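Residue-level structural notes
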Amino acid sequence: MECMLGVGGKDDETIAKVFELTEEQQKSLRNWSAELKVRNDILKDKARFLMKKHEESSPEVLVTVSIQYSTLMDSMKQNVRMMDKRLLNLFNEVQYQRYLKLCEQMTLRPIYINRLLNEN
């Protein structure tokens, strides 16, 4: 499994503390968390509408609906990953190494970012 930070979740404050984010990084974290909420609220509304619309559909239709629903859920996960990657790109070397170490301790695969293009 991939080592997610969970930007936009209930742990933004923990992320800021664990990685000792600068004020600028914290501002970006807050902005991206807000953006993620808007993006995923739209997808959640679509998912709710999809389920409501097909409450009494036939099993055949429900199979199709389940694929559409799964696609919406995957999009939400990709949004979270995108925001995590944005934050990781702001990390300095010490912060990124801390992230790698935590991922290793949890036996999770870190999100790769190209550190050469991203020297702070």
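Structure first, text after, so check above.
These numbers come from a predicted model, not from an experiment.

Right, let's talk about the state of the cysteines for a bit. One pass over the structure, following the stated rule, counts 1 disulfide. Paired through a disulfide, C3 and C103 show a sulfur-sulfur distance of 2.1 Å. When the S-S torsion is -90 degrees, as for the bridge of C3 with C103, the disulfide is left-handed. With C3 in strand β1 (residues 2–3) and C103 in helix α4 (residues 93–105), the pair connects residues that are 100 residues apart, well separated along the chain. Given a relative accessible area of 2%, C3 falls into the buried group.

Under the definition given, this model contains 2 aromatic pairs. Taking the centre distance of 4.9 Å and the plane angle of 35 degrees together, the rings of F19 and F91 count as tilted. One end of the pair, F19, is in the loop between α1 (12–18) and α2 (23–53); the other, F91, is in the loop between α3 (59–90) and α4, with 72 residues separating them in the sequence. One exposure class covers both F19 and F91, and it is buried. Centroid distance Y96 to Y99: 5.8 Å. Interplanar angle 35 degrees. Geometry classified as tilted.

Each value, and the rule that gives it
- Residues numbered from 1 in each chain as written.
- Predicted model: local features only at pLDDT ≥ 70, side-chain atom pairs only at ≥ 80, totals over all residues.
- Heavy atoms only, no water.
- Disulfide = S-S within 2.5 Å.
- Helix = DSSP H or I, 4+ residues; strand = E, 2+ residues; numbered from the N terminus.
- Buried < 20%, exposed > 50% of the residue type's maximum accessible area, 1.4 Å probe, protein only.
- Phe/Tyr/Trp six-rings, centres within 6.5 Å; stacked < 30°, edge-to-face > 60°.

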